[in-house]
Amino acid sequence: MLQNNIQHTDRLRLPANGLPQSAKADGGGISDIINFGIGLLRRQYLVILFTAGLAIAASLLYLRLAPPTYTAQVQILLANPRPQFVQQQSLLAETAFDLNQIETQLQLLRSKGTAVAVINQLKLADDPDFDGSGLSLQSLWQRIRPWGSAGTKKAGPSDAQGEPSEGLVDAFLSRLSAGRVGFSNVIEISFSSSNAARAAEIANAVANAYVADQLNAKFEANRRATSWLQERLRDLGDQAIAAQRAVDVYKVQNNIVSLDGKPIDEQQITEINNRLAAARAQTSEATAKLARYETLLASDPKNPSSMANLDAIGADALNSQIITGLRQQYLELMRREAELAAKVGRDHLAVVNIRNRVREFRVSIFDEVRRLAEVSRSEFELAKQRQQEIEKQLSKAVSQSRSVNSAELTIKDLESRAKGLRALYESFQQRYMGSAQQESFPISETRVLFPASPPPSKSKPKTRLVLTLGILGGLALGIGLALLRDLMDRVFRTSSQVESVLELPCLSLVPLLPVRKSSKPPVRLQPTADDDAQQRIVSSPTAIHRTVVGMPLSRYTEAIRSIKLAIDHNPAKISSQVIGITSALPNEGKTTIAASLAQLIGHTGKKAIIVDCDLRNPSLSTIFAPKAAAGILEVANGSRSLTEAIWRDPATNLAFLPAVRRGPLLHTSEILCADTISKLFDRLRADYDYIIVDLPPLTPLVDVRATSSLIDCYILVVEWGRTKIDVVQHALHTAPNIHESLIGAVLSKTDTKAMARYDGHRSYYYHDSHYIRYGLTGS
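Computed from a predicted structure; not experimentally measured.

This next bit is on the overall build of the protein. Across its full length, the protein holds 29 helices and 15 strands. The contacts in the protein between residues at least 6 apart in sequence include a share of 81% that link residues at least 24 apart. In the form shown here, the protein has an accessible surface area of approximately 43,700 Å², with 55% of it arising from carbon and sulfur atoms.

Taken as a whole, this structure holds two aromatic pairs when the rule is applied. Geometrically, the ring pair formed by Phe624 and Phe656 is edge-to-face, given 5.6 Å between the ring centres and 85 degrees between the ring planes. On the criterion of sequence distance, the pair formed by Phe624 in helix H21 (residues 619–624) and Phe656 in strand S12 (residues 654–657) is long-range, its members being 32 residues apart. On the basis of relative accessible area, Phe624 is assigned to the buried category, the value being 3%. On the basis of relative accessibility, which here comes to 1%, the residue Phe656 falls in the buried class. Geometry around Trp720 places Arg493 over its ring, the cationic atom sitting 4.9 Å from the centre. In this structure, Lys607 packs its charged tip against the face of Tyr688, placed 5.6 Å from the ring centre.

Looking now at the sheet that holds strand S6 (residues 447–450). Pairing is antiparallel across the open sheet formed by four strands, whose spatial order is S2-S3-S1-S6. Two strands in the sheet have a free side with no partner beyond their single neighbour: strand S2 (176–180) and S6. Pairs of neighbouring strands in the sheet enclose a mean axial angle of 30 degrees, with direction left out of account. Most of the contacts of helix H4 (residues 99–109) go to S2, to which it runs at about 165 degrees, and overall it touches strand S1 (70–77), S2 and strand S3 (186–193).

Across the sheet, nine strands lie side by side as S7-S15-S14-S9-S13-S10-S12-S11-S8; this open sheet has mixed pairing. The open sheet has two free edges, formed respectively by strand S7 (506–511) and strand S8 (536–537), since each of these has just one partner strand. Both strand S11 (residues 647–649) and S12 contribute to a ladder of three bridges, which runs antiparallel. When the sheet's bridge partners are listed, Asp649 is paired in S12 with Leu654. The sheet strands contacting helix H16 (residues 495–502) are S7, strand S14 (713–719) and strand S15 (742–750), and the helix crosses S7 at an angle near 140 degrees.

Along its length, helix H2 (residues 29–65) shows its largest kink, about 75 degrees, at Gln44. For H2, the complete set of buried residues consists of Asp32, Phe36, Gly39, Leu40, Arg43, Gln44, Val47, Ile48, Thr51, Ala52, Ser59 and Leu63. Taken together, the buried residues of H2 touch helix H15 (463–488) and helix H28 (752–758).

Time to look at the pairing of S2. Here S2 runs beside S3; their pairing, made up of five bridges, is antiparallel. Paired with Ser177 across the strands is Ser190, a residue of S3. Once S2 ends, the chain turns through five residues before running back antiparallel as S3, passing Gly182 with a positive phi of about 60 degrees.

Glancing now at the packing of helix H5 (residues 112–122) against helix H8 (residues 166–175). For the pair H5 and H8, interaxial distance at closest approach is 10 Å and the crossing angle is 100 degrees. Looking at the two axes, H5 sits roughly perpendicular to H8. Here Lys112, Ala115, Val116, Val118 and Ile119 of H5 lie close against H8, whose contacting residues are Glu166, Leu168, Val169, Phe172 and Leu173. Class assignment for the residues of the contact of H5 with H8 results in eight nonpolar, no polar and two charged.

Now for a nonpolar patch on the surface. On the surface, Ile471, Leu472, Leu475 and Ile479 cluster together to form a nonpolar patch covering roughly 330 Å² of accessible area. With respect to the helices, strands and loops of the structure, Ile479 is situated in helix H15.

What counts, and where the lines are drawn
- Sequence order as written defines residue numbering, which begins from 1 separately in each chain.
- Confidence filtering applies because this is a predicted model: local features only for residues at pLDDT of at least 70, side-chain atom pairs given and counted only at 80 or more, and all residues used for totals across whole chains, interfaces and linings.
- Side-chain calculation: all heavy atoms of the structure are included, whereas hydrogens and water are not.
- To qualify as a helix, a DSSP run of H or I must reach at least 4 residues; to qualify as a strand, a run of E must reach at least 2; elements of each kind are numbered from the N terminus.
- Should any heavy atoms of two residues lie within 4.5 Å, those residues are counted as being in contact.
- Per-residue accessibility takes into account occlusion by the displayed protein chains alone, with areas from the Shrake-Rupley method and a 1.4 Å probe.
- Within 6.5 Å between ring centres, the rings of Phe, Tyr and Trp (the latter by its six-membered ring) count as paired, and their orientation is classed by plane angle as stacked under 30 degrees, edge-to-face over 60, tilted in between.
- Burial here depends on accessible area, computed with a 1.4 Å probe over protein chains only, as a share of the maximum for the residue type. Under 20% is buried, over 50% is exposed, and the range in between is partly exposed.
- Two thresholds decide whether a charge sits over a ring: the Lys NZ or Arg CZ must be within 6 Å of the ring centre and within 35 degrees of the ring normal.
- Following DSSP output, two strands are said to pair if at least two bridges run between them.
- Interaxial angles span 0 to 180 degrees and are taken between N-to-C directions of axes, which are lines fitted to C-alpha atoms, for helices over the stretch in contact.
- The angle between axes fitted to the seven-residue stretch ending at a residue and the seven-residue stretch beginning at it gives the bend at that residue.
- Geometric relationships in this document are graded by angle, where less than 35 degrees denotes roughly parallel, more than 145 denotes roughly antiparallel, 65 to 115 denotes roughly perpendicular, and other angles denote oblique.
- Residue type decides the class: Asp, Glu, Lys and Arg count as charged, Ala, Val, Leu, Ile, Met, Phe, Trp, Tyr, Cys and Pro as nonpolar, and the leftover types, Gly among them, as polar.
- Patches here are clusters of residues that have more than 30% relative accessible area and form no salt bridge, with a 9 Å joining cutoff for like charges and a 5 Å cutoff for nonpolar side chains (Val, Leu, Ile, Met, Phe, Trp, Tyr).
- Whenever a carboxyl oxygen of Asp or Glu lies within 4 Å of a side-chain nitrogen of Lys or Arg, that contact is scored as a salt bridge.

Geometry only, nothing functional implied.
Structure, rendered in structure tokens:
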């Protein structure tokens, strides 16, 4: 039973709320979770079953009260494209359906106008599903809802104009649903009713009402567009005629006459520009020719090399017969001079005469060139004069055109406006003709693909789904409540909890003893006064306090042996002669464990004494020595000797020093730390092997803190399943001197059968078969 294996404890520690920590050891995580889940089911299975039962009962009640609902479905196609040639002539733009337009059509299907049309067509105001006369959850809700809204009018069957009431329309729309089928242009309309045939009839009526509304809207839009187009064509024709008349009138008023679409002043300027360009070309040509003549004439005629530039003057030299004849004679003389000079020499008289005649011919050629140069100069002067005259004409024409510039701008603006109106008129006329042709094609863009038929089975409530949700929801809620209860169970349940939270070894798990009737004590002779003075016999305690002696092979006795073994083998290697038994709160079983431990030690043959130091509530003295006249206080103050105050148990040879309460004690902590008490314990140490001290609890009083100089080691008793973890932690925190001297804790009043539900790792450890095998009995 000794639970002080620290390594084993660290591996199996549980946090304060009883949940398993993430096992850091190899392979500990999954097993801890599984064990915790199994333990949770064992501990809280009643809560889970009760919650699941309530959920199933609520599901069955809903299935019983909820009326069956049948849902009929009809499909309609939004896009039935017209022929391409019709779309090109269509007056209204035919755009492809996108997501926004499809959502718009869905809203039109679920609109109040569609609902009113179907309600009036099928006279649904008298239908039991909508007038609230039937017994159903929805009818009850329709009756209760107007009471919750202040100022709401009481819904009647219809208003003064014969229109259905708001409540009827809302009830109709709540049963109507419409949605897109996948990513197509098909819309599926669904309607729910308690009657299958009625549901199909209403669904088809909604689809037909929507198709009729689309056709009516299209015809009305075309009619209005055609009427507007006729008026617009008439206005555009009048405006075009008025604009053309304004152009003609303005031309007459400003004497603007155009040829080939251009004004006269513009033609004049163009012609003058052409003439000026030609004149400038002639002037440039004459200037170049004159420059060539002047270059030739600038050379020396006597120099024979000057004849080399004769061809530079151009075609005039070639076309002149005089120059041509002179050049032929000049060349002939040059040939003769060369031949004769070759025969007789250059200084011969005949050669000299020929050379003189060559010079005369060269001078004659230059005289003719000079005459041609004068002719070219005359032509240059004439071309320059013609150019100047044309430039003057151009300047005059430009000045005249500026004067009529504003008039031309005005006429251009008028002509542009007239052309625009004419083009717009012709465009509208074409659209009008296309619109008139379009009306001859009665093709519907929206049509019913698949009409609704009465559904063979109800759509809701779905029995399997409701029951499945009820069972799963109840189990989930039950597990949640169970987990919440388990998390809120902030008490000590296992030895691992004690060791992980308090960081103390759990010395023993003392089982809960059933309440038994104590057997009648044996009849004893009344002792005389002298005998009573020699030896005081303890009263016969209850069966619980005699379990160690009466049932030495019980599980309870084995747990007390585990405590004694822990005291004898204290790992701190300090003296364990004086053992203090305390607890955090009263009524945790510390007195019973102290008495059982002392009886076990005395029954083994050791000299043991139990001292009642719970001065304010001496419950142990009330059980063992209810008629004691002297106790620890009398021995401490010297009014009685130790021998006169000690009571004895002949069955176990146990000595008992009671505490007699004669009145209210105010300073019990001062009494326990007095020198007289210390001397008394020194005397007890000398006379006894074990001194068991029953101390008061830690939380209400401070007396235990005053006994640190008297006690060698302490044992903390914690009641299983009752003592709060926070209370024990706070009690030890406020008494650090006691905490340091604790050798361990004991779980008292342990329900061994329930332990298997909390300590999943060692559930088989608590089975009674292990004790029966060794001749032991249960608690």
